[in-house]
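# Observations on the model geometry
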Amino acid sequence: MNKTKKDKDNTKVKNNKRPLSYKKESFSLICEKVIIDHESANKSSVDYYFCKAIIAREKELYHIERQAALSILEFNNTPLTPLIQSVIEQDQRYKYSEKCSAIFSNMNKSISENPYIFIVKAFISSAKKQQHASYFNCFMGISASFNKHPPYFDIQNVKNNSLLDFFEKTHRLLLSNRNQYRTLEKLTQFLTLRLQEETSQSLLFFESYFSLNKNPQFSIKVARKYLDAPNLSVVGDSYLNSLAVNTGRAAIRLSDIEEASFWLDYIDDEENAKEIRQAIAKIESKIGKRKQHPLNPEGTGSIALNNIPTTTLIILCAFIDSCGDDWGLKTLELSGKYIFPSEILTERLFQTLAVSGLIKMSTSSFNALNDSSLNQFNEILWSTKFHVNIIGVADTKLVALPALLEELNSRSNKEEGAWEVRRLITIGYFYKTLEYYLDIIDENWAKAFSLNQSTTHRIDVSTLSARDLAYIARSSIRYTAGKHSMGSTTGTKHTCNTLIGSINRYFDWIDEGSFTYNAFERSKNYPVLASERLLQQIAGFTPEDIYNLPPLPQKTGCT
């Protein structure tokens, strides 16, 4: 049916009609009315705190905003009021300012379970980032302007479960800004202290995290509690993988293999799991090396006195005489200088006593050694306090030395043992002279010099007197130093080989019978060594005889 012109005109008029408009009410004015009503009646409610926070934001009274917004936490787990429900649904009857809209837009994204906590979170997250910490400081009652003006925030009115929910929903605002980690740490400590046994997985995670470096043992203890704590995350987020990695690393730093292995089962990503497994393997290797270390006191039983060889017993008496203390032995650094002629011999004999278990370091001293020090035998022997480890012999010089001398004097072979120790002292004078003259030569070759095995053997089996051996050492060094100064040697290695060659030539002359014995006798000013005093006491050897005269050939079967 065709429309007439009149019909078309009526249709046009109808289409041009607009919906009736109405004037929107300012939400800020509504809030002002709510505040006036409540303050005139001297009452408070969640609507009052909400409106008070809104108006404070509008007027940039941020300390009042914080106290009002946080007071909303008192009403957690209570039904939403019609006013707040209308804001959440962004009722079109209201006109919202830009500042209000910033708050409400955050609510829209967040509202679910525990809506009042999400409302408080909306206030915090819509504030400037630098103001986030101020909110949490106010929550803890430590901000500079805290409760100077009403409304006053009282955390006593907030239930513990609401405090835990608040932490769960808001802590990530601090976590997203590394500059706020200190605030997060303070918040964690504050709630942990306040809530005592009431806790959650997130709170325990950060309690453990912030203790990792300060107190790793405590951090591990807290991490264990995490496994039985409730997870309050609405979306099921969990810190378990991060907790396992952090705690596994802390256990590794403490060399706690069992604890590290326990947390390995909770690590989801293979990269971190591989790191922990490799670290565990390294610790196991280190522990194995420590257990097998010759100076490890664990498993070293005390030695029976009658099982100690006589020569070794004399050597032990010399060390106790010189280094003995009220408890254990003083370190060789302090008291080891005048026991045997040279540092090389002193260290060698002291190491023999330590490795055989006659003396041992304490377990705490051994465990205090770092891994890099384990192979530094000389440093350990000279700087560590050792203890007498003999059945029935007290670890004090006053008791131990008389007991050991009594045992020594009762043995029928003490003279043979004395001759063997005399031979060691004689050899020691060679090393003493070598050490002395090399030490005063300020050249690289002198610092780098060491005897080879074959030359060391010729010295150790020698029956020459101490004065002849000292002469060989002194003359060989003088010869080598002269060659080096004239440029007849090239480089450190060549000079060191020249010295070794010179020492061996002297021994060759001795073997050929062409050695000229023209060394000086013992000086009257030379100090008497502890070992020499002991030999004079048990065998009648004078220090002059020990130095000037050859020792008997090496004895065998001395027990």
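Structure shown above.
Here's a quick rundown of the structure. (Residues numbered from 1 in each chain as written. Predicted model: local features only at pLDDT ≥ 70, side-chain atom pairs only at ≥ 80, totals over all residues. Heavy atoms only, no water.)

## Comments concerning empty space enclosed by the protein
Short version of the rule: A 1.4 Å probe that fits into a set of points on a 1 Å grid over the protein atoms alone but cannot get out defines a cavity; an open set with protein on both sides within 12 Å along at least five of seven lines defines a pocket, and lining residues are those with an atom within 4 Å of a point. Grid points are joined across faces, edges and corners, and a volume is the space filled by probe spheres set on the points. Gly counts as polar in this scheme, as do all residues outside two lists: the nonpolar Ala, Val, Leu, Ile, Met, Phe, Trp, Tyr, Cys and Pro, and the charged Asp, Glu, Lys and Arg.
Inspection of every chain in the model, using the stated rule, returns one cavity of 30 Å³ or more. In this structure, the largest cavity encloses a volume near 30 Å³. Lining the largest cavity are Lys 129, His 132, Leu 173, Ser 176, Asn 177 and Gln 180. Here the residues of the lining of the largest cavity are counted per class, giving one nonpolar, four polar and one charged.

## Looking at the nonpolar core
Rules: Joining through side-chain atoms within 4.5 Å is the link that ties buried Ala, Val, Leu, Ile, Met, Phe, Trp, Tyr and Cys residues into a set, and such a set is a nonpolar core. Throughout this description, buried means an accessible area under 20% of the type-specific maximum (1.4 Å probe, protein chains only), exposed means over 50%, and partly exposed covers the range between. Segments assigned H or I by DSSP are reported as helices when at least four residues long, segments assigned E as strands when at least two residues long, and all are numbered from the N terminus.
Core analysis: the largest hydrophobic core is formed by 81 residues, its most contacted members being Phe 50, Phe 104, Met 107, Phe 123 and Phe 139. Considering every element that reaches this core, the biggest residue donor is helix 3 (residues 46-58), with eight residues. Counting residues in hydrophobic clusters, the runner-up holds 56 residues, among them Ala 354, Phe 366, Val 388 and Val 393.

## Thoughts on the packing of aromatic side chains
Think of a pair of aromatic rings as described by two things: how far the centres are apart, and how the planes are tilted against each other in angle. What counts here: Stacked, edge-to-face and tilted labels apply to pairs of Phe, Tyr and Trp rings (six-membered ring for Trp) whose centres lie within 6.5 Å, assigned for plane angles under 30 degrees, over 60, and everything in between, in that order.
Counted according to the given criterion, the structure contains 34 aromatic pairs. Residues Phe 27 and Tyr 96 carry aromatic rings whose centres are separated by 5.7 Å and whose planes lie at 50° to one another, so their mutual orientation is tilted. Of the two residues, Phe 27 sits in helix 2 (residues 27-40) while Tyr 96 sits in the loop between strand 2 (94-95) and helix 6 (98-110), which places them 69 residues apart along the sequence. No difference in accessibility class separates Phe 27 from Tyr 96, as the two residues are buried. Measuring from ring centre to ring centre gives 6.1 Å for Phe 50 and Phe 123, while their planes differ by 80°; the resulting arrangement is edge-to-face. Of the two residues, Phe 50 sits in helix 3 while Phe 123 sits in helix 7 (residues 115-126), which places them 73 residues apart along the sequence. Both residues of the pair, Phe 50 and Phe 123, count as buried. Members of the aromatic cluster, joined through ring pairs, are Phe 27, Phe 50, Tyr 94, Tyr 96, Phe 104 and Phe 123.

## Details of helix 10 (residues 181-195)
Here is the rule we go by: Any helix carries an expected span of 1.5 Å times its number of residues minus one.
Compared with the 21 Å implied by 1.5 Å per residue over 15 residues, the 21 Å span of helix 10 between its first and last C-alpha is a close match. For helix 10, the set of buried residues is Thr 183, Leu 184, Glu 185, Leu 187, Thr 188, Leu 191, Thr 192 and Leu 195. Within two residues after helix 10, Gln 196 carries a phi angle of roughly 55°, on the positive side.

## Here we look at the packing of helix 3 against helix 7
Keep this limit in mind: Structural elements are reduced to axes, namely lines fitted to C-alpha atoms, with helices fitted over the stretch in contact, and the angle between N-to-C directions of any two is expressed from 0 to 180 degrees. Working definition: roughly parallel below 35 degrees, roughly antiparallel above 145 degrees, roughly perpendicular at 65 to 115 degrees, and oblique for all remaining angles. Throughout, a residue-residue contact means that at least one pair of heavy atoms, one from each residue, lies within 4.5 Å.
Close contact between helix 3 and helix 7 brings their axes to 12 Å; oriented N to C, the two are set at 10°. What the angle tells us is that helix 3 and helix 7 run roughly parallel. Contacts between helix 3 and helix 7 involve Val 46, Phe 50, Ala 53, Ile 54 and Arg 57 from the former and Tyr 116, Ile 119, Phe 123 and Ser 126 from the latter. Counted by class, the contact of helix 3 with helix 7 contains seven nonpolar, one polar and one charged residues.

## Some thoughts on the pattern of salt bridges
Note the following rule: One side-chain nitrogen of Lys or Arg within 4 Å of one carboxyl oxygen of Asp or Glu is enough to make a salt bridge.
If you walk through the whole model with that rule in mind, you get 24 salt bridges. The residue Lys 169 makes a salt bridge to Asp 165 at a minimum N-O spacing of 4.0 Å. Of this pair, Lys 169 and Asp 165 both sit in helix 9 (residues 160-175), four residues apart, roughly one helical turn. For the pair Lys 169 and Asp 165, one class covers both residues: buried. Asp 371 is paired through a salt bridge with Lys 286; the nearest N and O atoms lie 3.3 Å apart. Here Lys 286 lies in helix 15 (residues 270-292) and Asp 371 lies in the loop between helix 19 (363-368) and helix 20 (377-383), a separation of 85 residues in the sequence. With relative accessibility at 35%, the residue Asp 371 sits in the partly exposed group. Three or more residues joined by partner-sharing salt bridges are found here, namely Arg 182, Glu 185 and Lys 214.

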